[in-house]
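Observations on the model geometry
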Amino acid sequence: MTLTMTGVRLTYPDGERRLTALDDVSLTVAPGEIVAVTGPSGSGKSSLLAVAGTLVTADAGTVEVDGVDVSGLDQKRRDRLRRERIGFVFQQANLLASLTAVDQLLLVAHVAGTSRDTARERATELLDYVGLSAKRGKRPHELSGGERQRVAVARSLMGSPAVLLVDEPTSALDAERGRAVVGLLRDITRDRKTATILVTHDPRHLGLTDRALVMRDGRLGAQDPAAVG
Ligand code: ADP
Ligand code: MG
């Protein structure tokens, strides 16, 4: 599905004034396309994902998921859209310490009300897809950082998302594992036709994506081609 953001403006309260986190941001991501967003800390990258993922409502502008304006949906429909059609992967894998890899995925399915058999089948398939079949019974402390992030990626796919929003997934990983995770995200984008936004600070990842944009002071622009590694 296509993700379209048009004229998005987001401000946060900042004492007596408002801080502008997103300033007239427009972006379209097609199905099967992975777009990188770079930019300095505090420039608004995470805010962009929060609005794209309907976690935060913009002050102005629209967010459309496959042509549906999410601001026109009531809270319940928006929550369902987010749960079923939008996948998130954050900097930290945010796994629960007491659960095995497969149970991390089953928990999401349980919350979504998916039947247990369907969920098991899907969790098994996804762990296989991210190359972790052999680790399905391992808890987070028994997994490497890269493996934990792969579990988080598999978990984000449990609802078969149309939109995948990924925030600096490799900052806790070494270069090689980081590249592998970004390569996996690109494969997922291609195979599952997700509209993917990848926030990354690593210029070496830009060559793995279809396009690279840069965020500066809440404004989204084209990446300087010289910076693409
Ligand atoms: P980035 O991800 O590029 O580091 P963020 O989107 O997190 O940038 O932040 C953009 C700006 O908005 C920063 O100045 C940050 O301090 C501010 N900000 C982010 N989240 C909040 C919030 N929940 N409340 C107030 N200000 C925020
Ligand atoms: Mg951020």
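Residues numbered from 1 in each chain as written. Chains lettered and ligands numbered in written order. Predicted model: local features only at pLDDT ≥ 70, side-chain atom pairs only at ≥ 80, totals over all residues. Heavy atoms only, no water.

Concerning the packing of helix α3 (residues 101–112) against helix α4 (residues 116–129)
- Between α3 and α4, the shortest axis-to-axis distance is 9 Å and the interhelical angle comes to 135°. It follows from the interaxial angle that α3 and α4 lie oblique. As for how α3 packs across α4, the hand of that crossing is right-handed. Contacts from A101, V102, L105, L106 and A109 of α3 reach α4 at A119, R120, A123, L126 and L127.
- Partitioned by chemical class, the residues of the contact of α3 with α4 number 9 nonpolar, no polar and 1 charged. (Axes fitted to C-alpha atoms, helices over the stretch in contact; angles between N-to-C directions. Helix = DSSP H or I, 4+ residues; strand = E, 2+ residues; numbered from the N terminus. Parallel < 35°, antiparallel > 145°, perpendicular 65-115°, else oblique. Left-handed = near helix turned anticlockwise from the far one by under 90°. Contact = heavy atoms within 4.5 Å. Nonpolar A, V, L, I, M, F, W, Y, C, P; charged D, E, K, R; others polar.)

Brief notes about the sheet that holds strand β9 (residues 211–216)
- Taken in spatial order, the 6 strands of this open sheet run β6-β7-β8-β3-β9-β10, and their pairing is mixed. Each edge of the open sheet is held by one strand with a lone partner, namely β6 (86–89) and β10 (219–222). Sheet twist, expressed as the mean angle between neighbouring strand axes with direction ignored, is 20°.
- Bridge count between strand β7 (residues 163–167) and strand β8 (residues 195–199): 5 bridges; the pairing is parallel. If you follow V163 over to β8, its bridge partner there is A195.
- In this fold helix α5 (residues 145–156) packs onto β6 and β7, with an angle of close to 170° to the strand it touches most, β6. (Pairing = 2+ DSSP bridges.)

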